[in-house]
Each structure stands twice: as structure tokens, then as C-alpha cells.
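The residues making up each chain are set out below.
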Amino acid sequence: MVRRGIGLAAVMLLAGVGLSACKEGNGAPAPEPRPVRVTTVALESADDTVRYPAVIRPRVEADVGFRVAGKVVARLVEVGTRVEPGTPLARLDPADIQLQVRASQAQLESARADAANARADFGRYAELRKGDWTTKQEYDRRKTALDKAEARVREIEAQLRVLNNSLHYTTLLADAAGVVTAVLVEPGQVVAQGQAALRVAKLGEVEAVANIPEQQVAGLPQRALAVELWAQPGLQIPAALREVSPSADPGTRTYQARVTLKDPPAAVQLGMTATLTARLERGGMVARLPLSAVTQSGQSPAVWVVAGPAKDRLELRPVTVAAYAGDLAIVAGGLKDGEAVVTAGVHKLDAGQPVTVWAEPTR
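If you're wondering where the values come from, they're calculated on a predicted model, not measured in any experiment. Position numbers for residues start from 1 in each chain and track the written sequence from start to end. Selection of residues for local features in this predicted model requires a pLDDT of at least 70, selection of side-chain atom pairs for listing and counting requires 80 or more, and totals for whole chains, interfaces and linings are taken over all residues. No hydrogens and no water enter the side-chain calculation; it runs on all heavy atoms of the structure.

A. The environment of A192, seen in detail. A run of H or I in DSSP counts as a helix once it spans at least four residues, and a run of E counts as a strand once it spans at least two, with each numbered from the N terminus. Within the secondary structure layout, A192 lies in the loop between β10 (190–191) and β11 (196–202). Under the scheme applied here, a residue whose accessible area is under 20% of the maximum for its type counts as buried, over 50% as exposed, and between as partly exposed, the area being computed with a 1.4 Å probe on protein chains only. Since its relative accessible area comes to 42%, A192 is described here as partly exposed. Each C-alpha atom, one on A192 and one on G284, is 63 Å from the other, the two residues being 92 residues apart in sequence. In this description, contact between two residues means that some pair of their heavy atoms is separated by no more than 4.5 Å. In this structure A192 touches V68 and A69, once residues within four positions along its chain are discounted.

B. Examining the sheet that holds strand β21 (residues 320–325) more closely. Here, any two strands with at least 2 DSSP bridges between them count as paired. Here we have four strands laid out as an open sheet, ordered β2-β17-β22-β21, and antiparallel in their pairing. Across the chains shown, the open sheet's two edge strands, defined by having one partner strand only, are β2 (44–45) and β21. Note that β21 and strand β22 (residues 328–333) share five bridges and pair antiparallel. Across the sheet, Y324 pairs through a bridge with A329, a residue of β22.

C. Inspection of the side chain of E207 at higher detail. Along the chain, E207 falls in strand β12 (residues 206–213). As used in this structure description, the phrase polar contact means that two N or O atoms lie within 3.5 Å; if the pair is within protein, one of them must be able to donate a hydrogen and the other to accept it, and residues adjacent in sequence are counted only when both atoms belong to side chains. Separated by 2.2 Å, the side chains of E207 and R242 make a polar contact. Among the polar contacts made by the side chain of E207, one reaches the side chain of T260 at a distance of 3.5 Å. In contact with E207, other than residues within four places in its own chain, are V55, I56, R57, P58, R59, R242, R258, V259, T260 and L261.

D. A look at the nonpolar core. By convention a nonpolar core is built from buried Ala, Val, Leu, Ile, Met, Phe, Trp, Tyr and Cys residues, the set being connected through side-chain atoms within 4.5 Å. By size, the foremost hydrophobic cluster in this structure holds 29 residues, and its most contacted members are F66, V83 and L89. Secondary structure elements with two or more residues in this core: β7 (88–92), α2 (95–130), α3 (136–169) and β11. With seven residues, α2 is the largest single contributor of residues to this core. Apart from the residues within four sequence positions on either side, V83 is in contact with V77, L89, A174, A176, A177, G178, V180 and V200. A208, L220, L225 and Y255 belong to the second-largest nonpolar core, a separate cluster that totals 24 residues.

E. Summary view of the environment of D114. Turning to its location among the elements, D114 is positioned in helix α2. What makes D114 partly exposed here is its relative accessible area of 48%. Taking C-alpha positions, D114 is 45 Å from L76, a pair spaced 38 residues apart along the chain.

As C-alpha cells, this is what we get:
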């Protein structure tokens, strides 16, 4: 009787174990959390800011040269030399022009002697004409000779003044305060009239020169401009657009823009590298997200936000996209600073789906 009771208990125990195992096998397993890649929302000003590499240049920079031809015998300045009006820059050999001046002076003396002789001769014939001792024809001939002699004197005097000017031009002088930015001739070199010998930048206004892509040229006048020197990061110098090239550079297909610096500090030097910042004020805050983060909610753009108390559930959030810039979407509404947004595989996700987060660097 005892053995029978023990056997019945064993059968019931085995049956309970089998029933329990059966129930466990029929139950649905809990879903595994899906790993997702996210980026953290960082709200920033909605102002549209673009930056261009720039170089500091003078507003007025001119090539200067001799007004006469000749051989350079001296160059009196170097690159970087500060000059004032009247400062000698270079000299030509004046020997040939000096000889021309002497020859012209001798011609002038001869012409003056001829004019004096013609004047005396005419005076005598004028007296004879009063007494009708000579003909009117001879009187007129002597008067014409005098006029020609005096005109010859004036002609040679003018030629002599030109030669004296040319002698003065053998010394190249600065016509304004400035700094030498390039030297184009050396002593011993023979130069033609008007050939560039030096490049001088006039002191005064300085500008930043930048190349602007063609799709951004039209909106440049509406932007607030500033220049930041690479040598002084963080220092923003207000600037004003002065001119934009009317034609594109054939090599780069960009347009050269020149902006004038307002009240530049003394540290600004010609040739410095700078950044031209062009800002268009729009107001408000925006978030810059990868295009891969944007999906659709009906007919509107939306993003998947990691939400829930434990930050392990997905929420489809409608957003307002203000613009698309390259591989970025500029989101103007619908997100808060610090929220985590899924950036990959957004078309395979479901609302409320459990996730584990793999973060990528914040943009």
C-alpha cells in the first residue's frame, strides 16, 4: 500500500514537470532591444553663416615705372620699405639725356643769336621803309625772317624743357606715402619707358580679398561681414563690401570680392591670412542633423527620438525642416536641446520599440 502511494506521487510529480515545461515552451519570448546609432541635438542660432579664406590687401596698389627709357644704375628701396612722397626709389644712367640737354642748350644759343641778328636786320629795314628807301616786298621778307628766328627760339626752349624733365625723370620718386610690396627691376637692367619697376601699396584703407562661389555671390550684399585674422583668432573686425568682380575667374569659376576693414587694429599687416565671415540673421534656434535621420510621418518630415523614462523606447517626432545644406538637414522646430535622435536605419524602426543606444559625435 505504501509502495503504491509512492508510485502515484512520482507520476503526479513528473506530470507537473511536463506541464510546466509545456507552458514555458508555448510562451512568446521577450523582444531583444535593437541597437541604434544616435546623435545628440545641439540647438544653435539660426543665423546662416558662411566663411571664406581671405588675404589682407591694400585698397590702392600700383606698379610704378620710369617715364623714360634707360639703364638702371641704382635701386634704393627693398620690399617692405616705407616711403613718403618724394622718396627716391631707383635711378637710371643720365649720361645720354645730359648730352641731349647740352646739345639743346647749344642749339638754343645759336637760335637766339640768329634771332638777334634777324631782329637787328629787320630794324634797319624798318627805318629804310619809313623813308621809302626799300621796297615793301623786302620789308616783308625781313619781317618773316625775324618771325621764323623767334619761333625757332621758342621751339628749342620747349625741347630743352622736355629734356630737363626727362633728366629729372631718371630718378623714380614716390608720389604718395606707402610701402614697397614688389621689386621688378635690378641694377644693370635696361628698361623701356613705362615699364613697371616697383609695386607700391599706398597707406590708408586696407581690404580683405576673398573668392566667392557663384551660387553665393548674389546674396553677399545682404549679409553682415566681418574679418578674422588667423594671427589673432577670435578678433572680429567689422567690414563693408566695396566691390565684387563682374566676371568669374576662368580657373576657379569664383568671383573676387573686396571688403573694406572698419577701424582695423595696428596689428593688421598687408599679406596676412584671414577669414571672411558672412552672416545672414534669421532669428530663432535650429539643429543640424544628418539627412539620414529624417523620415516621414504622413506627408511631413519626422525623426525618431529615443524617449521613455529609461531612454530605451522610440518616439516618431514630426519636425520642421527649414533648409537642406549638403548632407545636413536644418531643423527649425520639434526638437529640444540634448535629445537623442536616431541617424541610421530610420525606415526599419517602429514606435515604442525597445532600443539600446550607440552614440556618434555631436555635430
